[in-house]
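Here are the chains, one letter per residue:
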Amino acid sequence: MFNRLRMWLSRFMAGRYGFDRLGLVLIIAALVLDTIARYVGISSIAGYILALLGTAATVLFILRFLSRNIPARHRENQRFTNFFRGVRGGAQDAAYRAKNAADYKFFTCPNCRSKLRVPRGKGKIEIRCPKCGRRFTGKS
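Keep in mind it's a predicted model, so treat the numbers as computed, not measured. (Residues numbered from 1 in each chain as written. Predicted model: local features only at pLDDT ≥ 70, side-chain atom pairs only at ≥ 80, totals over all residues. Heavy atoms only, no water.)

S.K.: Explain the packing of aromatic side chains to me, using residue names and the numbers behind them.
M.R.: Taken as a whole, this structure holds six aromatic pairs when the rule is applied. Both rings, one in Phe19 and one in Phe61, keep their centres 5.9 Å apart while their planes meet at 75 degrees; by these two values the pair is edge-to-face. Pair noted here: Phe19 is in the loop between α1 (2–13) and α2 (21–40) and Phe61 is in helix α3 (residues 45–66), with a separation of 42 residues, a long-range link. An aromatic cluster is present here, built from Phe19, Phe61 and Phe65 joined pairwise through their rings. One residue, Arg16, lies across the ring of Phe12, its end atom 4.3 Å from the ring centre. Against the face of Tyr104 rests Arg117, its NZ or CZ located 4.0 Å from the ring centre. (Phe/Tyr/Trp six-rings, centres within 6.5 Å; stacked < 30°, edge-to-face > 60°. Helix = DSSP H or I, 4+ residues; strand = E, 2+ residues; numbered from the N terminus. Lys NZ or Arg CZ within 6 Å of the ring centre and 35° of its normal.)

S.K.: Could you give me a rundown of the pattern of salt bridges, with the residues and numbers involved?
M.R.: The full count for this structure, using the stated rule, is six salt bridges. With its nearest N and O atoms 3.2 Å apart, the salt bridge here joins Glu126 to Arg135. The same class applies to Glu126 as to Arg135, namely exposed. Each of Asp20, Arg64, Arg73 and Glu76 takes part in salt bridges that share partners, so that together they form one network. (Salt bridge = Lys/Arg side-chain N within 4 Å of Asp/Glu carboxyl O. Buried < 20%, exposed > 50% of the residue type's maximum accessible area, 1.4 Å probe, protein only.)

S.K.: With reference to specific residues and values, describe unusual backbone geometry.
M.R.: Where the residue is not glycine, phi is negative for most of them; where a peptide bond is considered, it is trans in most cases. Positive phi outside glycine occurs at Arg113, with the angle close to 65 degrees. Tracing the backbone shows Arg113 in the loop between β1 (104–108) and β2 (115–119). You can call Arg113 exposed: its relative accessible area is 61%.

By themselves, these are just geometric observations and shouldn't be taken as functional.
Following this line, the structure appears as structure tokens:
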């Protein structure tokens, strides 16, 4: 019985997109939105809107999961992953700067936009970008 069900499911899912990182985020968002909607109360307008958004996230997940348009779903997931990487990288960069703000001053190269770090307390100094070689002045 279990083996027949597994074979049927395997044949059914052949050629379909399946699960990815965006799908995981959609499912988590749906669960969170539905939980908040139940806490707020679905009879209220806010609860109804949250429940509707949770249902929309669930439906979108199912449609993506069962889709046969694999290249389009892959592009969607790639855009989402790139966006999330940028957000996470920006947060990590801000945390690093805040942690080291007492010891270092941070500059951005006007030519190549590289992030540069110089020690504090050196006064007005000439900074050379190690990536592009551009020289500029800054106060540390």
